[in-house]
Amino acid sequence: MLRQDLQLKDTPLWSYFCQISDSTTSYGSYSGASPNEKITWEKLSIDTPKFIIESDASIVAPLIFAHVLGW
């Protein structure tokens, strides 16, 4: 909450957002905040690329990290 609570308006927003979840977003069953909520918290902008991957993180995360790191 650097931008809102401490009034540090020069704090950059996130460049992208990617979330791995094993359940679909729905009221009552989803514990994480959706990308739209993060926009209201001034973490993301409307134009920030946003991805939600619905799968098991123990399988998907290593694959994504390997791809990003060029392994």
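Numbering of residues begins from 1 in every chain and follows the order in which that chain's sequence is written. Reporting in this predicted model follows two pLDDT cut-offs: at least 70 for local features of residues, and 80 or more for side-chain atom pairs to be given and counted; totals over whole chains, interfaces and linings ignore these cut-offs and use all residues. No hydrogens and no water enter the side-chain calculation; it runs on all heavy atoms of the structure.

## Describing the overall build of the chain
- What the chain contains, in helices and strands, is 2 helices and 2 strands.
- A run of H or I in DSSP becomes a helix once it reaches four residues, and a run of E becomes a strand once it reaches two; helices and strands are each numbered from the N terminus. In sequence order, the secondary structure elements of the chain are arranged as β-α-β-α.
- Pairs of residues are marked as contacts when any of their non-hydrogen atoms sit within 4.5 Å. For the chain, restricting intrachain contacts to residue pairs at least 6 apart in sequence, the fraction spanning at least 24 positions comes to 63%.
- Each accessible area is a Shrake-Rupley result for a 1.4 Å probe, and residues are judged covered by the shown protein chains and nothing else. With the model as given, the accessible surface of the chain reaches about 5,500 Å², and the carbon-plus-sulfur share is 60%.

## Some points on the packing of aromatic side chains
- Between the rings of Phe, Tyr and Trp (Trp by its six-membered ring), a pair exists once the centres lie within 6.5 Å; its type follows the angle of the planes, with under 30 degrees stacked, over 60 edge-to-face, and the other angles tilted. Using the criterion set out here, one finds 1 aromatic pair in the structure.
- With centroids separated by 6.3 Å and ring planes inclined at 15 degrees, the aromatic side chains of Trp-14 and Phe-17 adopt a geometry described as stacked.
- The class of Phe-17 is buried, set by a relative accessible area of 6%. Throughout this description, buried means an accessible area under 20% of the type-specific maximum (1.4 Å probe, protein chains only), exposed means over 50%, and partly exposed covers the range between.

## A short note on a nonpolar patch on the surface
- A cluster of nonpolar side chains, contributed by Phe-65, Val-68, Leu-69 and Trp-71, occupies part of the molecular surface with about 560 Å² of accessible area.
- Tracing the backbone through its elements, the reader meets Trp-71 in the segment after helix 2 (57-69). Candidates for patches are residues over 30% relative accessible area with no salt bridge; among them, like charges are joined within 9 Å and nonpolar side chains (Val, Leu, Ile, Met, Phe, Trp, Tyr) within 5 Å. Between Lys or Arg on one side and Asp or Glu on the other, a salt bridge is scored when a side-chain nitrogen of the former is within 4 Å of a carboxyl oxygen of the latter.

## A look at the environment of Trp-14
- You can see Trp-14 is positioned in the segment before strand 1 (17-21).
- Taking the C-alpha atoms as reference points, Trp-14 and Leu-44, separated by 30 residues in sequence, lie 5.5 Å from one another.

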